[in-house]
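# Structure at a glance
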Amino acid sequence: MNPGLLDERIVLKYPTSSSIDRYGQSIMYYASQSLWCRIKKDGGGENNNNGYVVNTATYTFTLRENANITEKAVITYDSNDYNLVYIDEQPFKGYTIATGERRN
């Protein structure tokens, strides 16, 4: 892949540690890093869920291989957060393809 195609900026937030508060609830602590990637919109739409309109969007993020990319990580792009639902770690050497769905 041509590295010049990595032309969009994202923020990758990944969990670094967790603890439990005094009420027994889990608290996750996140670190973040800014990365260059290629973004392709796969699909989206609107669903009516019991009278509430829910917007969905699915994107494919192609970025350099990184040990912090897991299903627990979150990608922020264009002021929206995307949960990673699928990670293809070996499409070609040195890059990772991650599929993200927008949070509502």
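Residues numbered from 1 in each chain as written. Predicted model: local features only at pLDDT ≥ 70, side-chain atom pairs only at ≥ 80, totals over all residues. Heavy atoms only, no water.

What follows concerns the packing of aromatic side chains. Using the criterion set out here, one finds five aromatic pairs in the structure. With a centroid separation of 6.0 Å and an interplanar angle of 65 degrees, the aromatic rings of Tyr59 and Tyr77 are classed as edge-to-face. A residue pair is termed long-range when its members are at least 10 positions apart, and Tyr59 in strand β3 (residues 52-64) and Tyr77 in strand β4 (residues 74-77) qualify at 18 residues. Look at Tyr59 and you get buried, because its relative accessible area is 15%. Owing to a relative accessible area of 17%, Tyr77 belongs among the buried residues under this scheme. (Phe/Tyr/Trp six-rings, centres within 6.5 Å; stacked < 30°, edge-to-face > 60°. Helix = DSSP H or I, 4+ residues; strand = E, 2+ residues; numbered from the N terminus. Buried < 20%, exposed > 50% of the residue type's maximum accessible area, 1.4 Å probe, protein only.)

Summarising the sheet, strand β1 (residues 8-20) and strand β2 (residues 26-49) pair through 12 bridges and their orientation is antiparallel. Residue Ile20 lies in a different strand from β2, and its bridge partner there is Ser26. Connecting β1 to the antiparallel partner β2 that follows it, the hairpin turn spans five residues, and Gly24 within it adopts a positive phi of roughly 90 degrees. Two strands pair when backbone bridges link them, and β2 and β3 are joined in this way by 12 bridges, in the antiparallel orientation. Considered in β3, the bridge of Asn49 is made with Tyr52. (Pairing = 2+ DSSP bridges.)

Here the protein chain averages 88 in pLDDT, while 97% of its residues score no lower than 70. The weakest mean pLDDT in the protein chain belongs to β3 at 89; the strongest belongs to β4 at 94. (pLDDT = per-residue confidence, 0-100.)

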